[in-house]
Each structure stands twice: as structure tokens, then as C-alpha cells.
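Summary of structural features
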Number of protein chains: 2
Amino acid sequence: MLTLNANDITPLYKQLYQQIREQVLSGRLAAHAKLPSVRDLAAELATSRNTVEGAYQELYAEGYIYSRERSGYFVSVLDHDVAPLPAAPKPRAADSACTPVDYRYDFHPARLDPASFPSAIWRRCFIESLQEHGRELAGYPADFQGDWELRCHLQGYLERSRGVICEPEQIVICSGLQQGLDLVAHLLKESHGSVAVEDPGYPLPRSVFHNNQFRVVPVPVRASGIDLVRLRESGASIVYVTPSHQLPLGYVMPIASRLKVIEWAEAGGNLVIEDDYDSELRYHGKPIPSLQGLRPDANIIYTGTFSKILSPALRMSYLVLPRALLAPFRALYRDYFPTVSLLEQKTMERFMAQGFWERHIRRMRITCQKKHDALLNSIERHFGNRAVVVGQGAGLHVVLQLLAENPGEAEIMQRAARQGIHLLPFSATCATGESGAANLLLGFGGMTSAEADEGIRLLSGLCFGNSSARAD
Amino acid sequence: MLTLNANDITPLYKQLYQQIREQVLSGRLAAHAKLPSVRDLAAELATSRNTVEGAYQELYAEGYIYSRERSGYFVSVLDHDVAPLPAAPKPRAADSACTPVDYRYDFHPARLDPASFPSAIWRRCFIESLQEHGRELAGYPADFQGDWELRCHLQGYLERSRGVICEPEQIVICSGLQQGLDLVAHLLKESHGSVAVEDPGYPLPRSVFHNNQFRVVPVPVRASGIDLVRLRESGASIVYVTPSHQLPLGYVMPIASRLKVIEWAEAGGNLVIEDDYDSELRYHGKPIPSLQGLRPDANIIYTGTFSKILSPALRMSYLVLPRALLAPFRALYRDYFPTVSLLEQKTMERFMAQGFWERHIRRMRITCQKKHDALLNSIERHFGNRAVVVGQGAGLHVVLQLLAENPGEAEIMQRAARQGIHLLPFSATCATGESGAANLLLGFGGMTSAEADEGIRLLSGLCFGNSSARAD
């Protein structure tokens, strides 16, 4: 029995379509059963022929019914076992799990000052880009490696301030390190089976290469750089390093080790991935020039990002490929498209072209240094000789090694959380997932120095329980 | 011999740093050689101590020299064989290879009208988003799957207009189909070895799965849908299909085949990837509801995009994962970050929330239908009975099958290029890389109907050499 309800918001033809569809799917309308003619059904339901015609057309388009020349519509043959109608969806409420917790003291190692994003300038660059390139939004971007002008500006910037020597042809704009490494992993999978990573080190590369079926070999890293003996023993033919500012320990790889790493790559036909993630932020002396710049023609894949200076939420980073890899790279990704919005690339290009990028870097370096120095003072004041700082002088975080008796990372993390303190576990950077001593990863970019000081005071309290550190 | 040139734009300390560095790297300054004291060198060069101190500090920071308590700086031990200084970079000129050619008649199958992007509204949504979420740009986005509010709006939209039944938890925002499929491929690699694809079909999925070491099995597709017998024989446990609008042939998979495909997935623990790339654009009757909506709890990964209606250059698409895959998906990508800019996601969210998205779809459907109908007229007029159109009635392209004697695809492509006509080869959609008959892939979204008509006239001319088709 078909019924139409004129008060229903669903259009009449749709109501009819749905009811017949249900009868077909449920089998109440048998295969090859003839449907009433449009005119008859319209009359029967006291509705217009258009309504019936509309319903029939949709049922026909989706194959629920078929038509025979001059004899009308018939029910198609379906397999009724497999298709109940979809259940009505539950009403929805935004799930709190997904909305980020707001910590009073956020020591996340890669947070910037919430007020630091140059919104006004970015907006202007965006508006100009949209105006100038709006028409290009109608098609797929021509170049998988990213916007040519942006790559030209990047080339100049990398050469001037990072000592990277390359051509724009070698640059690939990526939507973050993981996407860039994923492209690299696909590319190298054929010829390489295992990759060495710094231990302790950034977990993301480990997991990207692991997800690409690489054997991931942790190699200890010290102030003198990655352990070259262990690297050679590892049998890995790729090494992922952070020479300008070791993540997380903050060491600068000395020139002697740099040359040895290059030699390792040259000799064995091996490959170095240099992650230069935050080296704009060096507070004493100038930034450390890149490894790539020492041997622009070596097997070095250089990668950098806009995340640590401008914004991690824009998801923009870049690769610099060695010339030797360009041809296979382009062959492998012939069918691919870029992963970063053209508008965002054009906005970034303008931001660089008009000098805002380097101005922003200078500004960030100053404000971050202030926070950095203040943090060291706070640590000195609240931890005194019960802890020692490792990896100061650069970037957005330091590592605090606890010397005195302490409850251990897990317990410290729990107590911290209870006091609204956000810490990332240092142990996550260790291949074993366990750091011997208790180390705290202290990011200082996202807080005011006053907040950081209070956070440090609380931390020292919950590490060593000195009365000064009651949470208020 | 060290010399400082005050007229050089390079700061003095940097000149000094570079010269000493070169001497160290070249070996002219031997290992352990003592450097002159800051005071002596400053005097010798008639420059300030700060200049020398600055140079020494950088050399020290980079490990070219080391210091001994109270006895000054000494040259470090380096391996001199491996480190010539970087060659000076060549001057750069934007390479034309990267700037897209401008065709007079662009039949690319996925181009939109250059004037169609809603710039004014998009700009407003962007500015509001930047204003409201500027502070969030300081940190990494919380949720790898993408912005929660955007996913909630998408859920509502997909349910209303695509019949997709899911929760926002199942949605993943991706930077294009290839990135989404890459996530899927990684996830399924452990449990699946081969994937069936439609032949002819979209080349991108073939190459993504191939790059992920899947065996890719082409299965013929007809008006009745993908060949289910061949699918079963293929031994593949995943199938990639475009049921609402087969790419490139434009067929709608009839309900009977849909149910069989679902049955195939259900029975064998197999998996269906439904690419619903352009189904908003259906010109007769309403869009065809998704396969996923028939069995929301089946093993169906649904994917859609903003590329075909709004802009391919924004690089924004989405996946809807079956509930069963959520846990392994989140485990595998625990360390990953989203790949789409937060600003762009927030802008899109506003665009949807304020009803602009669905309004834009309605507008695009009307303008594209006009172009579609006009194209069919042009084809009728210029090709007559020498060709037949396949897959009309939806999307941004049709396929033109040439019936009469013709020079074949390769020759036609060449002649077309010479007349400023851009065609993508239909054969690229065939697994063999060769289409039996000559088929032309004719996208109509990017041209005015007048341009398309002239393009079609020229095409028919260069296919069949009728005098009417001289290029002017």
C-alpha cells in the first residue's frame, strides 16, 4: 500500500520512490512484477504524473526496475538476502574525545606561542593569492612536486640561511614530514631494506619506515653524533639523522662526524636523510649549516618544515632530493598529484617573496630565546643540582635529566597530568620505549615564561615532593 | 693569509669564518694547529675582537675547532678527503617545463569552469576561520583524522545527499584520493595481497596500490557493472569500484550488481573501495545513492572528494572507514599527523555550515548540465553517425567512441596537440595501456560551450579530415 504525505518535508516523488524501493528490496514486489502505469498510479494516489514519473525514473536509474518497449516498468531480479535497508542514523553530538584537552602548563616539545602566528600578514598574502590565482583552482595543479615559484623562493632561502645547495627542480613540497618520508620510503623500498635511526630519536620516522616494511635499526647517538661503528655494523643502507639539532637530545653533530657520515654514504652507495626540522632556532651564534651543503652532490635527502617556526597546523614541509633520485622519483609518481593546497602554497610563496618569512624567523628566534633562557633559570631555581639540562641553546625544547632519587617517568607523568601539566614521555623517543634514567622532555614554546616557571615549580615538587610545590 | 673586505656585503666575522673554515677543510690548517688568540688576530687584521670572537664561536659550534682550558682554540681532526667546499650555485630562471601549457581547447576530463570557484565566499570563510582559530595554529592538530566539526558536517551531507550512513568517527580528511588510498593500502597490506580494479578505470588507484606492492588485477567493467565472475576468479580480496559513475565509461552500477558486490565482500571477508568521486553531478534524476548506504555495516571503504565540484587544487578529500577498521587504522597511524591544513579544513567547515557547499553543488549541477547538453549537440552536429557517445548524463566528461575509419588515438592526439587541443588518452585508463577502438575522453567542465563546439569541430576534422575542420 503506497501512501503520500503532503505534510512530509520529503518531496512526494521521493516518498513514492522510497516506498517502492523498500518493497522491491524486501521482496514484497516480486522480480518481473509489472508496475502500474504512470497514469494509473498517479490517479490512484491522486497525485501528478510528474511525481510518479520522477519516482520511476530514479528507480530505473538505480536498476530497481527495468523497462520494456511499450509495456512499461518491471521489477528487476535482486538478491534479497543481502540488502536490508540502512538503519536510521543516531543523532550526533561532538565527541569530547576529539576536542583537545586544555592544559594549564603545556610542555609539548613542538608548540609555538599561540599569539605568534602572523595572522594579519598571512591573511593579506592569502587574499592576494586568491585574487591572482583563483582561476587556477579550477584544475589539477600541473606539478606534483609543488608550486614552482614557492620552490624557487625556498631554494634561495635554504641556500642563504641553511647552506643547502640545490635547484628548485630538486625540491618537493609535502604536507608534513610523514608524507615526505612516505614518498621517500616508497621510492627506496626496491633498493633498500633497512634504515638506521637515531636512538633516542623522533618516533615518526621509525613508524613511517616500519609501515613501509623497512627493518628499522636504532643506533645510539651521543654528543659526538650517531655511533658510526654501530651504524656500519647495523647493515642499514639508509640513515635518518638530525645533525643540526639532535631530536630529542639537542646535540649538534660535529663536523668530523658529519664528514664521516657523508663518507659512509659515498662509500657504500648508502643514503642519508637529513632532517633539519628546527635549525632556524639557534640562540648562540648563527644556525648550523646543513650536512647537505657540505656535499651537495652526495646521497643526501634533505628535509625541512614550516612547522617549527610558522605553524605545525598548516601542514607544509619540503624535501630536497639528490639529483640522482629525480628521474626515478618522477617516474614512480608520474600519476600522483601534490598534497598541499595551491592556495596555501601561493600564500606561503608571497609570504617569502615579501620578506615576511625571514622577518618572522628573526622575531621568533628572539622571543623563543627569551623563553629558553627563562626556562633554564626556572630549572636552575626549582631543580638546582637535582637535575641537569641537556640540549639547551636551540629549538623549542630541552631535556631535563633527573639526578636525584625520583618516582620514575610513568609516575611523574601521572602526577603531572593530575596537576594540569602536559608532558610527552621522553621514553617515547627511545627505541626500547624505555629510557634508563628519568628524563623530562620540556617544550617551552607554547607558554609564557611565567607559566613555564610555575609549571617547573610544580614539576620539581612532584618529582621530589618539596613542600614548595603544592598544587594550588 | 686572512683578509677582510669592508665593502663586501658579507659581514666581517663571516668572511673570517669562511676563510678559516676553508683552510681547515682544505688541510692548510693542520689538525691540532693552534689558532691565534682573539686579541692577536684582531690586531693583525685591524678589526674588532667581536669580529674574531664571532668567527671563532661559529667554527667552534660546528666543530671545526676545539678549545682547551686557558690555552685557546685548536684545529679539529677532520677527514679531508671527503669535503670539498660546495660549488657556487648557478643563477636560476623559472623553468618553463613546470609552467602549465595554455591550450585553446582543454578537454581534460576533470576541469571546472575557471570562473566557478566561489572566491568571495571562500575568502570570507577563510578570514573568519583565521580569526577564530589563529591560536590553534601554534600547535599540532589533535586529531589525525581531521577536524571534528568538518567531519560532523561531512557526515550530515553524505547522509542527506549520498545516502552514506556513518558516524564522524569513521571519517578521515585526506589531501586527495592518492593519499587516502595510500593510508588504506598500508592498512590492508598485512591481510591482503591483491586488489581488483575496473578496466578501463582510473589509473591513480592502480599506481598507488602497485607502489604498495599489491598485485593489481584488472577486471572488465560493462554497463551491468564490474564482471563478477572475473572478479571471483581474480583471487583479489579487495575491489576498487566507481559504482555511481564508472570512470571513464560513465555507467551506473545497477542495484543487482551492487548487491552482488556487497555479497562478494560479505561472503569472503573481502573489501570494497567505493570511489564516489563526482556523483553530485547527475543531470537526470537525483544523484545515485552510494553502495555504502545499502549496507553501512559491510566491508566498504567509501571515498569522496571536493575536487570535482569545488576545486582540485585545494587537495581535500575524505574516507569513510567501516567500523571494523577503525581500531587497526588508529593503531597503525598513532604517530601520524593530518595532511590537510587546519585553516583549510576550518574554511571548508564554515563553507558547509553556512549552506554554501550545497548551494554551490546546485549551481555547478546546472551550469555543468548546460555544458554537457551543449557538448552532446556539438558532437551530434560535427561527428554525426561516425561516433557514439558513452557515459553521458553525469560528471564532467563523456567518452566518444569513433565508429568510422580513423587514424587511431596516437595520431589523433598528435594532430590535436598541434591545433592547441588538450586531450587525455583514453588508453591510459586501460590496463593494457591500449584501447581497442579509438575512444576520445572529452571533458567539458573547463570550457565555454562555444569553445567546446569549436574544439569538437576541429576534432571531427582531424579524425575524419572533413574540410570544415581546418584550424584557423
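Residues numbered from 1 in each chain as written. Chains lettered and ligands numbered in written order. Predicted model: local features only at pLDDT ≥ 70, side-chain atom pairs only at ≥ 80, totals over all residues. Heavy atoms only, no water.

Turning next to the packing of helix α6 (residues 177-189) of chain A against helix α7 (residues 203-211) of chain A. All names here are of chain A. One can describe the packing of α6 onto α7 by two numbers: an axis separation of 9 Å at closest approach and a directional angle of 35°. Every pair of crossing elements has a handedness; the one defined by α6 and α7 is right-handed. Judged by residue contacts, Leu177, Gln178, Leu181, Asp182 and Ala185 of α6 engage Leu204, Pro205, Val208 and Phe209 from α7. Here the contact of α6 with α7 is composed, by residue class, of seven nonpolar, one polar and one charged. (Axes fitted to C-alpha atoms, helices over the stretch in contact; angles between N-to-C directions. Helix = DSSP H or I, 4+ residues; strand = E, 2+ residues; numbered from the N terminus. Left-handed = near helix turned anticlockwise from the far one by under 90°. Contact = heavy atoms within 4.5 Å. Nonpolar A, V, L, I, M, F, W, Y, C, P; charged D, E, K, R; others polar.)

The next thing to look at is the relation of the copies chain A and chain B. When chain A is fitted to chain B, the residual RMSD is 0.1 Å, and the transformation amounts to a turn of 180° plus an axial shift of 0.0 Å. Taken together, these values place the two copies in the relation of a two-fold axis. When the interface residues of chain A are mapped onto chain B, 100% of them again lie at the interface, so the same face is used by both copies. (Least-squares fit on C-alpha atoms with pLDDT ≥ 70 in both.)

All names here are of chain B. Burial runs high along strand β5 (residues 194-199): five of the six residues are buried. Strand direction decides the pairing type here: β5 and strand β6 (residues 215-222), joined by six bridges, are parallel. Counted as the bridge partner of Ala196 is Val217 from β6. Read as a crossover between parallel neighbours, the route from β5 over helix α7 (residues 203-211) to β6 is right-handed. As defined by bridge partners, β5 adjoins strand β8 (residues 238-241) across three bridges and the pair is classed as parallel. Paired with Ala196 across the two strands is Val239, which belongs to β8. (Buried < 20%, exposed > 50% of the residue type's maximum accessible area, 1.4 Å probe, protein only. Pairing = 2+ DSSP bridges. Right-handed = clockwise from strand over helix to strand, strands pointing away.)

So, about empty space enclosed by the protein. Counted according to the given criterion, the structure contains eight cavities of 30 Å³ or more. One number sums up the size of the largest cavity: a volume of about 200 Å³. Put simply, the parts of the chain that give the lining of the largest cavity at least two residues each are α6 of chain A together with α6 (177-189) of chain B. As a volume, the second largest cavity reaches approximately 80 Å³. In this structure, the second largest cavity is lined by Trp122, Phe126, Leu343, Glu344 and Thr347 of chain A together with Trp122, Phe126, Ser341, Leu343, Glu344 and Thr347 of chain B. When the residues that make up the lining of the second largest cavity are grouped by side-chain class, the tally is six nonpolar, three polar and two charged. (1 Å grid on protein atoms, 1.4 Å probe; cavity = no way out; pocket = protein on both sides within 12 Å on 5 of 7 lines; lining within 4 Å. Points joined across faces, edges and corners; volume = space filled by probe spheres on them.)

Okay, the pattern of salt bridges next. Side chains carrying opposite charge are able to pair once their charged atoms draw close together. A complete count under the given rule lists 36 salt bridges over all chains for this structure. Between Arg350 of chain B and Glu128 of chain B there is a salt bridge whose closest N-O contact spans 3.0 Å. Taken together, the residues Arg350 of chain B in helix α11 (residues 342-353) and Glu128 of chain B in helix α4 (residues 119-133) connect sequence positions 222 residues apart. Under the relative-accessibility criterion, Arg350 of chain B is labelled buried at 16%. On the basis of relative accessible area, Glu128 of chain B is assigned to the partly exposed category, the value being 24%. Each of Arg124, Glu128, Glu132 and Arg350 of chain A takes part in one network of salt bridges that share partners. (Salt bridge = Lys/Arg side-chain N within 4 Å of Asp/Glu carboxyl O.)

This next bit is on the domain arrangement of chain A. Residues and elements named next belong to chain A. Each domain of chain A was delimited in the assignment, giving domain 1 (12-94), domain 2 (105-113 + 359-463) and domain 3 (142-355). Computed over C-alpha atoms only, the centres of domain 2 and domain 3 are separated by 26 Å. Taken over both partners, the interface formed by domain 2 and domain 3 buries close to 2,200 Å², and the fraction arising from carbon and sulfur atoms is 65%. Contact with domain 3 buries area across many residues of domain 2, yet Ile361, Arg365 and Thr429 alone supply 21% of it, more than any other trio. At the junction of domain 2 and domain 3, the tally comes to zero salt bridges. Along the contact surface separating domain 2 from domain 3 lie 13 residue pairs in polar contact (both at pLDDT 80 or more). The dominant element in the side of domain 2 that touches domain 3, judged by the number of residues it contributes, is helix α12 (residues 356-383), at eight residues. Residues that form the side of domain 2 that touches domain 3 fall into these classes: 15 nonpolar, eight polar and two charged. (Domains from an automatic or database assignment. Buried area = accessible area lost by both parts, 1.4 Å probe. Polar contact = N/O pair within 3.5 Å; in protein donor to acceptor, adjacent residues only side chain to side chain.)

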